[in-house]
Amino acid sequence: MNGFLQELMKETSAKVRQIEATEKDTLKRSFATALALADANSRLKTFIMDYEFSSEEEEIYFFKQTKPQLVSQLIYHCQVYNIEMNRPHGGTDIQREYLNKELENLQDYIDRRPEFYSYYRLGSTHNDVCYFTRGKFRIGLQYLEPTLSEREPRYSTNCDYKLAKILANERLEILLKSQLDELEHPDEKPQLLWNTKKKYLIVLLYALDSFRAFGKIPLSRVVKAMEHLLGIDLGNYTSVFSEIKDLDNVTEIFDLLKDALLLRIERSHTKRRR
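Criteria and thresholds
Residues numbered from 1 in each chain as written. Predicted model: local features only at pLDDT ≥ 70, side-chain atom pairs only at ≥ 80, totals over all residues. Heavy atoms only, no water. Helix = DSSP H or I, 4+ residues; strand = E, 2+ residues; numbered from the N terminus. Buried < 20%, exposed > 50% of the residue type's maximum accessible area, 1.4 Å probe, protein only. Contact = heavy atoms within 4.5 Å. Areas by Shrake-Rupley, 256 points an atom, 1.4 Å probe, with all protein chains shown as cover. Arc of directions from axis to C-beta. Patch = residues over 30% accessible without salt bridge, like charges linked within 9 Å, V, L, I, M, F, W, Y side chains within 5 Å. Salt bridge = Lys/Arg side-chain N within 4 Å of Asp/Glu carboxyl O. Axes fitted to C-alpha atoms, helices over the stretch in contact; angles between N-to-C directions. Parallel < 35°, antiparallel > 145°, perpendicular 65-115°, else oblique. Left-handed = near helix turned anticlockwise from the far one by under 90°. Core = buried A, V, L, I, M, F, W, Y, C linked by side-chain atoms within 4.5 Å. Phe/Tyr/Trp six-rings, centres within 6.5 Å; stacked < 30°, edge-to-face > 60°. Polar contact = N/O pair within 3.5 Å; in protein donor to acceptor, adjacent residues only side chain to side chain.

K.L.:
Got a minute to help me understand the overall build of the protein in this structure?
P.N.:
When you go through the protein residue by residue, the secondary structure sums to 11 helices and 0 strands. Beginning at the N terminus, the succession of helices and strands in the protein can be written as α-α-α-α-α-α-α-α-α-α-α. Sorting the 274 residues of the protein into buried and exposed places 39% on the buried side. Long-range pairs, those at least 24 residues apart, make up 74% of the contacts in the protein with a sequence separation of at least 6. For the protein, the exposed area adds up to about 16,600 Å²; of that, 53% sits on carbon and sulfur atoms.

K.L.:
Quick question: what am I supposed to make of unusual backbone geometry here?
P.N.:
Negative phi values dominate among residues other than glycine, just as trans dominates among peptide bonds. Positioned with a positive phi, Arg-212 is a non-glycine residue whose angle comes to about 60°. On the basis of relative accessibility, which here comes to 54%, the residue Arg-212 falls in the exposed class.

K.L.:
Honestly, helix α5 (residues 114-121) in this entry has me stumped. Any pointers?
P.N.:
Along an α-helix, a turn takes 3.6 residues, which lines up residues three or four apart on a common side. Considered for burial, the residues of α5 that qualify are Phe-116, Tyr-117, Tyr-119 and Tyr-120. Along α5, the residues classed as buried sweep out an arc of 155° about the axis, all on the same side. Where α5 is buried, its residues touch α4 (92-111), α6 (128-132), α7 (160-184) and α9 (219-230). The first or second residue beyond α5 is Gly-123, which carries a positive phi of 65°.

K.L.:
Teacher, can you tell me more about a nonpolar patch on the surface here?
P.N.:
On the surface, Leu-208, Phe-214 and Ile-217 cluster together to form a nonpolar patch covering roughly 230 Å² of accessible area. Looking at where Phe-214 falls in the secondary structure, it is placed in the loop between α8 (198-210) and α9. Given the relative accessible area of 31%, Phe-214 is considered partly exposed.

K.L.:
Just checking my understanding: could you explain the packing of helix α1 (residues 2-22) against helix α10 (residues 237-244) for this structure?
P.N.:
How two helices sit against one another is set out by the angle between their axes and by the gap between those axes. Contact geometry for α1 and α10: axes closest at 9 Å, N-to-C directions at 120°. Here α1 lies oblique to α10, going by the angle between them. Considering the relative orientation of α1 and α10, their crossing is left-handed. Here Met-9, Lys-10, Ser-13, Ala-14 and Arg-17 of α1 come into contact with α10, specifically with Ser-239, Val-240 and Glu-243.

K.L.:
What am I meant to see in the environment of Ala-168 here?
P.N.:
In this structure, Ala-168 sits in helix α7. Judged by relative accessible area, Ala-168 falls into the buried class, the value being 1%. Sequence separation of Ala-168 and Gln-73 is 95 residues, and the distance between their C-alpha atoms is 6.5 Å. If we ignore the near neighbours within four places in the chain, the residues touching Ala-168 are Ser-72, Ile-75, Tyr-76 and Gln-79.

K.L.:
Just to check I follow, could you spell out the nonpolar core for this structure?
P.N.:
Considering soluble globular proteins, one finds that nonpolar side chains tend to be buried as a cluster. Among the nonpolar cores identified, the biggest contains 29 residues, and Leu-44, Ile-48, Phe-62, Phe-116, Tyr-131 and Phe-132 are the most heavily contacted of them. When residues of this core are traced back to their parent elements, those giving at least two are α1, α2 (26-49), α3 (56-86), α5, α6 and α7. Excluding residues within four positions of it along the chain, Phe-132 makes contact with Glu-59, Ile-60, Phe-63, Lys-64, Phe-116, Tyr-119, Thr-157, Cys-159, Asp-160 and Leu-163. Core analysis: the second largest hydrophobic core is formed by 14 residues, Ile-83, Tyr-98, Leu-103 and Leu-172 among them.

K.L.:
Just to check I follow, could you spell out the packing of aromatic side chains for this structure?
P.N.:
In this description, an aromatic ring pair is defined by two values, namely the gap between the centres and the angle between the planes. Scanning all chains against the criterion turns up 14 aromatic pairs. Plain terms: the ring middles of Phe-4 and Phe-47 are 4.1 Å apart, the flat faces sit at 5° to each other, and that makes the pair stacked. Highlighted residues: Phe-4 in helix α1 and Phe-47 in helix α2, separated in sequence by 43 residues. Both rings, one in Phe-62 and one in Phe-63, keep their centres 4.9 Å apart while their planes meet at 90°; by these two values the pair is edge-to-face. Comparing Phe-62 with Phe-63, the two get one shared label, buried.

K.L.:
Any chance you could explain the pattern of salt bridges here in plain terms?
P.N.:
Pairs can form between side chains of opposite charge whenever their charged atoms are close. Per the stated rule, a full pass over the model turns up 13 salt bridges. Between Glu-11 and Arg-43 there is a salt bridge, with its nearest N and O atoms 3.1 Å apart. With Glu-11 in helix α1 and Arg-43 in helix α2, this pair connects stretches of sequence that are 32 residues apart. Linked through salt bridges whose partners overlap, the residues forming this network are Asp-93, Arg-96 and Glu-184.

K.L.:
In this structure, what is going on with the environment of Tyr-120? I would like to understand it.
P.N.:
Its location among the elements puts Tyr-120 in helix α5. Beyond its immediate stretch of four places on either side in the chain, Tyr-120 contacts Leu-163, Ile-166, Leu-167, Glu-170, Ser-220 and Arg-221. For Tyr-120, the side chain forms a polar contact with the side chain of Glu-170, separated by 2.9 Å.

So, in structure tokens, the structure goes:
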């Protein structure tokens, strides 16, 4: 399965990057990206329908990590498209009211699912078998989703879509708040700017997360905070990491940082000797 997933994510990530690089119109970009992600999801579904997981742990990992990461990207770009399509014409007050209403909708989704949202935020695992393996549906364990009757039993669990929706909403929240900030301060730019490759930042964040530099905060939350701080969109960062983790130069950024730091120290010593 890993080979198929790596190739799928690599192809999809490349398509998305190409769209982002060539299409500047938000509406057209989100539509094209959603189509690419929908195709990837369809291919993933076809594969999983005939795949037998080697263990319960593998099944949980797929429905708790792999599928939600892909589907959350699809949900996010569909949401961006819908928001832009329905955006009203008008001045700052009208735009502010519209964006705040969209933020309220995001909060409403969480408010209706407090138990599962807490489970996700705390990084809990005790209900993973019920939440992220197939054929375990039991009324009373979670908010009854209106799309439940449309689920494909071989490709769905109780909570994989719910988790994907939460991940998408977190990303959308950052976008909406940044748009609100632009309305209030149209001439202001992010206080910090990332001026090198996005993949370097992704590798750095994975390294810091592996080192537990941020404690028990999930990597997804760290990524969202960094995106907000730097005014950057790291997109499907898990796919990018899957692409580069097997490359010989995966630690390139650390080598560059080491060289830059040593050069700075050498210059500092040179100044002192003068």
